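Secondary and tertiary structure notes
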Amino acid sequence: LLERWYFRKTNLAFREKADRDHLTTAYNRRAAEELLKSLFSQFKITGQNSVILMFDIDDFKKINDEYGHDKGDTVLKKLSDALSRQIRSSDYLCRWGGDEFLLVCPSMPESDTAAFAEKLLGLVSGLKIPILSKAGQIQITISIGAVRFIRTDLGFMDAIKRADRAMYHSKEAGKNRATVT
């Protein structure tokens, strides 16, 4: 009995570690895809929808080029930590790749999406990330694309593609903004 308990506990710990990005501790892309697949199936059956916010750090390449990749990693960690403290316990912060993240918010009302995205923009632009140089601190902004599943989606990747286009619309419109579609 004790052996089974230990096995289950160890197995859960390994699974949790395998689902997390080692740098930011946000969920990794594999875990995000599993989650989105499940949420999309649930949407098709019950109609229960989720908000998907895709965002990345504006001009992140400049940070890596000017301060080095270790400072870029610090920026990613600080961003993830700050967002993790501000989201609901039912939300999932996922590192999609590089400096690109998804924030998946199951059951968030459509009417709350724009205000929530604006709150995130304010939170991130208010972050002051200390660095060791004459500049003292790095201030960052993000661009967000927010979408929900729609009935014509064939899979969750259709929503991801729309979120990506919306995020790039935010960048083209001047960065540090959200496009909700």
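1. Observations concerning the overall build of the chain
- A tally of regular secondary structure across the chain gives 6 helices and 7 strands.
- Rg of the C-alpha trace for the chain: 18 Å, near the compact-globule value of 16 Å for 181 residues, within the 12% margin.
- With the C-alpha coordinates of the chain rotated into their principal frame, the extents come out at 60 × 45 × 25 Å.
- Counting every position in the chain, which comprises 181 residues, the buried fraction comes to 45%.
- Sequence-distant contacts in the chain: of pairs separated by 6 or more residues, those separated by 24 or more amount to 64%.
- A total accessible area of about 10,200 Å² is found for the chain, and carbon and sulfur atoms account for 54% of it.

2. Comments concerning the packing of aromatic side chains
- Across all of its chains, the model carries 5 aromatic pairs by this definition.
- Summarising the aromatic geometry, the rings of Tyr 27 and Tyr 92 are spaced 5.6 Å apart at their centres and angled 55 degrees between planes, so their arrangement reads as tilted. You can see Tyr 27 sitting in the loop between helix H1 (2-18) and helix H2 (29-46) and its partner Tyr 92 sitting in strand S2 (residues 92-97), a full 65 residues away along the chain.
- Relative to Phe 43, the ring of Phe 40 lies with its centre 6.3 Å away and its plane at 40 degrees, an arrangement referred to as tilted. Taken together, the positions of Phe 40 and Phe 43, both in helix H2 and 3 residues apart, correspond to about one turn of that helix. Phe 43 shares its class with Phe 40; the two are buried.
- One aromatic cluster is present, built from ring pairs that chain together Phe 40, Phe 43 and Phe 149.
- A cation over an aromatic ring shows up here: Arg 20 above the ring of Tyr 27, its NZ or CZ 3.9 Å from the ring centre.
- For the cation-ring pair, Arg 29 lies above Trp 96, with the distance from its terminal atom to the ring centre recorded as 3.9 Å.

3. As for the pattern of salt bridges
- All chains considered together, the criterion is met by 11 salt bridges.
- The partner of Lys 171 in a salt bridge is Asp 58, and the shortest N-O contact between them spans 2.8 Å. With Lys 171 in helix H6 (residues 156-172) and Asp 58 in the loop between strand S1 (50-57) and helix H3 (60-67), the pair connects residues that are 113 residues apart, well separated along the chain. Residues Lys 171 and Asp 58 agree in their burial class; the two are buried.
- Close ionic contact of Asp 59 with Lys 175 constitutes a salt bridge, the shortest N to O distance being 2.7 Å. Here Asp 59, found in the loop between S1 and H3, pairs with Lys 175, found in the loop between H6 and strand S7 (178-180); they are 116 residues apart in sequence, far enough to count as distant.
- Among the charged side chains, a salt-bridge network with shared partners connects Asp 19, Arg 30 and Glu 34.

Here is what the cut-offs are and how they apply
Residues numbered from 1 in each chain as written. Predicted model: local features only at pLDDT ≥ 70, side-chain atom pairs only at ≥ 80, totals over all residues. Heavy atoms only, no water. Helix = DSSP H or I, 4+ residues; strand = E, 2+ residues; numbered from the N terminus. Rg over C-alpha atoms; globule rule 2.2 N^0.38 Å. Buried < 20%, exposed > 50% of the residue type's maximum accessible area, 1.4 Å probe, protein only. Contact = heavy atoms within 4.5 Å. Areas by Shrake-Rupley, 256 points an atom, 1.4 Å probe, with all protein chains shown as cover. Phe/Tyr/Trp six-rings, centres within 6.5 Å; stacked < 30°, edge-to-face > 60°. Lys NZ or Arg CZ within 6 Å of the ring centre and 35° of its normal. Salt bridge = Lys/Arg side-chain N within 4 Å of Asp/Glu carboxyl O.

Functional significance is not addressed by these values, which are geometric in nature.
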